[in-house]
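Reading the structure
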Amino acid sequence: MNRVVLAELTTEPLDVAAHEAAVADARAGAVVSFSGVVRDHDHGRSVDTLTYESHPSAAEVLREVAQELADDPDVYAVAVSHRYGPLKIGDVALAAAVSTAHRAAAFTACARLVDLVKQRLPIWKHQTFTDGTDEWVNCP
C-alpha cells in the first residue's frame, strides 16, 4: 500500500533531510529529494526580498497532488511541503522526497511531483529587486 507521508503548507523553515527520512521504507532502494531554494537573482536582476502568498485552497491542492503521486504503484511514499510568507535568500521554499524500489522510478516520480506542484499549487511569488522594481510570478 502506498502512502502520503507528508503534504504541508507552512510558514516554518523546511528540512529536506526530514522529508527524506519521512519517506524511508524498507522496500525502497531509492529515495530522491528536491529542494527549491530562494536565489539572489531572477532573469538577470538581483532579488532583494521574496514573499509567497497562498490561496486558501493551497493546502488541499498540495495534499491532492501528493496523493496522486502516492497512487503510482512504483511509489512507496511521498513527502512535500511548500513555504509561504516572507523568505530569505537561501531558504528552502519547496521540499519534496519520494521513495521507490529503483532509482529511475524515484527520479521520475520526484520530478513529476515538483512539476505538478508548480503547475497546480495556487501560490504566488512576489519579489522585489535591488533596483526598486517588483513583480508577481504565477499570479492570475
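The notes below deal with the structure included here. (Residues numbered from 1 in each chain as written. Predicted model: local features only at pLDDT ≥ 70, side-chain atom pairs only at ≥ 80, totals over all residues. Heavy atoms only, no water.)

Here we look at the overall build of the protein chain
- Within the protein chain, the regular secondary structure consists of three helices and nine strands.
- Each helix and strand of the protein chain, placed in order from N terminus to C terminus, yields the pattern β-α-β-β-β-α-β-β-β-α-β-β.
- The C-alpha radius of gyration computed for the protein chain amounts to 16 Å, which stays within 12% of the reference 14 Å derived for 140 residues, consistent with globular compactness.
- Pairs at least 24 residues apart make up 73% of the contacts formed inside the protein chain by residues separated by at least 6 positions.
- Surface exposure of the protein chain reaches about 7400 Å², of which carbon and sulfur atoms provide 51%.
- Counting 12 positive and 20 negative side-chain charges, the protein chain places the centres of these two groups 3 Å from one another. (Helix = DSSP H or I, 4+ residues; strand = E, 2+ residues; numbered from the N terminus. Rg over C-alpha atoms; globule rule 2.2 N^0.38 Å. Contact = heavy atoms within 4.5 Å. Areas by Shrake-Rupley, 256 points an atom, 1.4 Å probe, with all protein chains shown as cover. Lys, Arg positive; Asp, Glu negative; His and termini not counted. Charge placed at Lys NZ, Arg CZ, Asp CG, Glu CD.)

As for helix 2 (residues 58–70)
- For helix 2, which comprises 13 residues, the first-to-last C-alpha distance of 18 Å matches the rise-based estimate of 18 Å (1.5 Å per residue) to within 8%.
- Every buried residue belonging to helix 2 is among Ala-58, Val-61, Leu-62, Val-65, Ala-66, Leu-69 and Ala-70, and all of these are buried.
- Along its buried surface, helix 2 packs onto strand 1 (3–10), strand 4 (45–54), strand 5 (75–83) and helix 3 (103–120). (Expected span 1.5 Å × (residues − 1). Buried < 20%, exposed > 50% of the residue type's maximum accessible area, 1.4 Å probe, protein only.)

Topic: unusual backbone geometry
- For His-43, which is not a glycine, the phi torsion comes out positive at approximately 50°.
- In this structure His-43 comes out as exposed when scored by relative accessible area, which is 73%.

Topic: the packing of aromatic side chains
- This structure, assessed with the given rule, holds zero aromatic pairs.
- The aromatic ring of Phe-129 is capped on one face by Arg-45, whose charged end is 3.8 Å from the ring centroid. (Phe/Tyr/Trp six-rings, centres within 6.5 Å; stacked < 30°, edge-to-face > 60°. Lys NZ or Arg CZ within 6 Å of the ring centre and 35° of its normal.)

A look at the environment of His-19
- On the secondary structure map, His-19 appears in helix 1 (residues 16–22).
- Placed 49 residues apart in sequence, His-19 and Glu-68 show a C-alpha to C-alpha distance of 18 Å.
- Beyond its immediate chain neighbours, meaning those up to four positions away, His-19 contacts Leu-6, Ala-79, Val-80, Ser-81, Ala-95 and Ala-97.

Comments concerning the sheet that holds strand 2 (residues 30–37)
- Read across the sheet, four strands follow the order 1-5-7-2 without closing on themselves; strand pairing throughout is mixed. The outermost strands of the open sheet, each flanked by one partner alone, are strand 1 and strand 2. The sheet shows a mean angle of 5° between the axes of neighbouring strands, direction not considered.
- Packing against the sheet, helix 2 makes contact with strand 1 and strand 5, and its axis sits at approximately 155° to strand 1.
- In this fold helix 3 packs onto strand 2, strand 5 and strand 7 (92–100), with an angle of close to 145° to the strand it touches most, strand 7. (Pairing = 2+ DSSP bridges. Axes fitted to C-alpha atoms, helices over the stretch in contact; angles between N-to-C directions.)

Looking at the pattern of salt bridges
- Throughout the structure, instances matching the rule amount to six salt bridges.
- Of the charged contacts, one joins Arg-45 and Glu-135 as a salt bridge, the two residues approaching to 3.4 Å between their closest N and O atoms. With a gap of 90 residues between them, Arg-45 in strand 4 and Glu-135 in strand 9 (residues 134–137) connect regions that are remote in the sequence.
- Note on Arg-45: relative accessible area 28%, which makes it partly exposed.
- The class of Glu-135 is partly exposed, set by a relative accessible area of 23%.
- For Asp-91, the salt bridge is made with Arg-83, and the minimal N-O distance between the two is 3.5 Å. (Salt bridge = Lys/Arg side-chain N within 4 Å of Asp/Glu carboxyl O.)

Things to note about the side chain of Thr-10
- Within the secondary structure, Thr-10 sits in strand 1.
- You can call Thr-10 buried: its relative accessible area is 11%.
- Setting aside anything within four residues of it in sequence, one finds Thr-10 in contact with His-82, Arg-83 and Tyr-84.

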